[in-house]
Amino acid sequence: MQGRSPQLSMELNRLLLLTSFLLHMEEGHANPTRLVCDNRLIQKYIGEAKDMEKRAGQCQALPTLSCPTVLPLVDFSLQQWKSKSNETKRREILCDLALLVGAVAEAQGQVTQECGARQLSQLYQHANSFLLLLQTFSWEAGPWEPGCSTHSVEQTHVTSIFLTYRQLVQGKLRFFFHDLAKDLCKQGQEGGRDPQCRAR
């Protein structure tokens with residue numbers, strides 16, 4: 001039996017990470033504590049977002065989209081972000097993710113090149129997983145309803161979609177999980193605090 005190729009091993013590792021992500025939802029009844037308290041998980045997703053962006057940029061002859069996709073503007077002021085409630089932050093990220101997932105789906109219908117199509121498929125899975133996770137957090141005050149007023153921009157370059165996702169994961173999502181960890185990681189740890197829950 002021949003050894004696994006590096007590409008196959010990478011794909012298997014990503015599949016295992018996605019499975020772990022979903023198991024956190026399944027076993028914890030969609031409780032975000034395990035995810036936000038283990039800083040290694042969000043760091044892995046940031047790393048994967050960077051990898052997907054890099055690989056998409058390396059695809060040969062990526063077409064310019066004939067129908068522009070609408071992407072969320074995910075830049076934010078940290079000072080203003082800190083002044084918002086966690087529920088407001090969650091709903092803002094949900095709106096960004098919903099728009100981003102729609103943009104990926106729109107691009108998938110226009111990109112037939114194998115390399116680009118493969119990267120878009122992977123991006124869709126990751127972004128949609130985060131979208132589902134944030135919708136099913138058990139601490140939410142009520143069901144999320146569409147009706148966002150997210151600031152957006154039209155883009156015709158496929159690589160812009162990957163850039164937006166990486167910025168969202170590295171920015172709002174990372175800070176959101178950091179904020180949640182301040183409260184959630186203290187619960188159930190009356191005798192002390194687990195080092196892996198410490199904010200970095």
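To keep things clear, this report deals only with the structure shown in the data block.

Calculation criteria
- Residues numbered from 1 in each chain as written.
- Predicted model: local features only at pLDDT ≥ 70, side-chain atom pairs only at ≥ 80, totals over all residues.
- Heavy atoms only, no water.
- Axes fitted to C-alpha atoms, helices over the stretch in contact; angles between N-to-C directions.
- Helix = DSSP H or I, 4+ residues; strand = E, 2+ residues; numbered from the N terminus.
- Parallel < 35°, antiparallel > 145°, perpendicular 65-115°, else oblique.
- Left-handed = near helix turned anticlockwise from the far one by under 90°.
- Contact = heavy atoms within 4.5 Å.
- Nonpolar A, V, L, I, M, F, W, Y, C, P; charged D, E, K, R; others polar.
- Buried < 20%, exposed > 50% of the residue type's maximum accessible area, 1.4 Å probe, protein only.
- Phe/Tyr/Trp six-rings, centres within 6.5 Å; stacked < 30°, edge-to-face > 60°.
- Lys NZ or Arg CZ within 6 Å of the ring centre and 35° of its normal.
- Core = buried A, V, L, I, M, F, W, Y, C linked by side-chain atoms within 4.5 Å.
- Disulfide = S-S within 2.5 Å.
- Salt bridge = Lys/Arg side-chain N within 4 Å of Asp/Glu carboxyl O.

Now for the packing of helix α3 (residues 39–58) against helix α6 (residues 114–135). In the contact formed by α3 and α6, the axes pass within 10 Å of each other and the chain directions differ by 155°. For the element pair α3 / α6, the angle class is roughly antiparallel. Viewed along their axes, α3 and α6 form a crossing whose handedness is left-handed. Two secondary-structure elements touch here, α3 through Ile42, Tyr45, Glu48, Met52, Arg55 and Ala56 and α6 through Cys115, Gln119, Gln122, Leu123, His126 and Phe130. Here the contact of α3 with α6 is built from residues that sort into seven nonpolar, three polar and two charged.

Another aspect to go through is the environment of Phe175. With respect to the secondary-structure elements, Phe175 resides in helix α7 (residues 158–184). Under the relative-accessibility criterion, Phe175 is labelled partly exposed at 23%. Sequence separation of Phe175 and Lys89 is 86 residues, and the distance between their C-alpha atoms is 9.7 Å. The residues touching Phe175, leaving out its near neighbours within four places in the chain, are Phe76, Leu78 and Trp81.

For the rest of this paragraph, the subject is the packing of aromatic side chains. When we look at a pair of aromatic rings, we describe it by the centre distance and by the angle of the planes. Scanning all chains against the criterion turns up five aromatic pairs. With a centroid separation of 5.2 Å and an interplanar angle of 65°, the aromatic rings of Tyr45 and Phe130 are classed as edge-to-face. Taken together, the residues Tyr45 in helix α3 and Phe130 in helix α6 connect sequence positions 85 residues apart. Phe130 shares its class with Tyr45; the two are buried. Seen in terms of ring centroids, Phe130 and Phe177 are 6.5 Å apart; in terms of plane orientation they differ by 35°. Their pairing is tilted. Taken together, the residues Phe130 in helix α6 and Phe177 in helix α7 connect sequence positions 47 residues apart. Accessibility classification places Phe130 together with Phe177 in one group, the buried group. Feature note: the residues Tyr45, Phe130, Phe176 and Phe177 constitute an aromatic cluster, connected by ring pairs. The ring of Phe175 is capped by Arg174, whose NZ or CZ atom sits 4.7 Å from the centre of that ring.

Leu120, Phe130, Ile161, Tyr165, Val169 and Phe177 are the most contacted members of the largest nonpolar core, which has 41 residues in total. Elements with a minimum of two residues in this core: α2 (33–37), α3, α5 (86–108), α6 and α7. Each residue touching Val169, except ones within four places of it in the same chain, is listed here: Ile42, Tyr45, Ile46, Phe130 and Arg174.

What follows covers the state of the cysteines. Scanning the entire structure with this criterion turns up one disulfide. Across the disulfide, Cys59 is cross-linked to Cys115 (sulfur-sulfur distance 1.9 Å). Taking the sign of the S-S torsion, about -65° here, the bridge from Cys59 to Cys115 comes out left-handed. Of the two residues, Cys59 is situated in the loop between α3 and β1 (69–72) and Cys115 in helix α6; the sequence distance between them amounts to 56 residues. Here Cys59 and Cys115 have matching classes, each one buried.

The full count for this structure, using the stated rule, is nine salt bridges. Of the charged contacts in the structure, one is a salt bridge between Arg118 and Glu114, with a shortest N-O distance of 3.7 Å. Of the two residues, Arg118 and Glu114 are both situated in helix α6; the distance of four residues between them amounts to about one turn of the helix. Among the residues examined, Arg118 registers a relative accessible area of 39% and is labelled partly exposed. Here the salt bridges do not stand alone but share partners, grouping Lys84, Glu92, Asp96 and Lys172 into one network.

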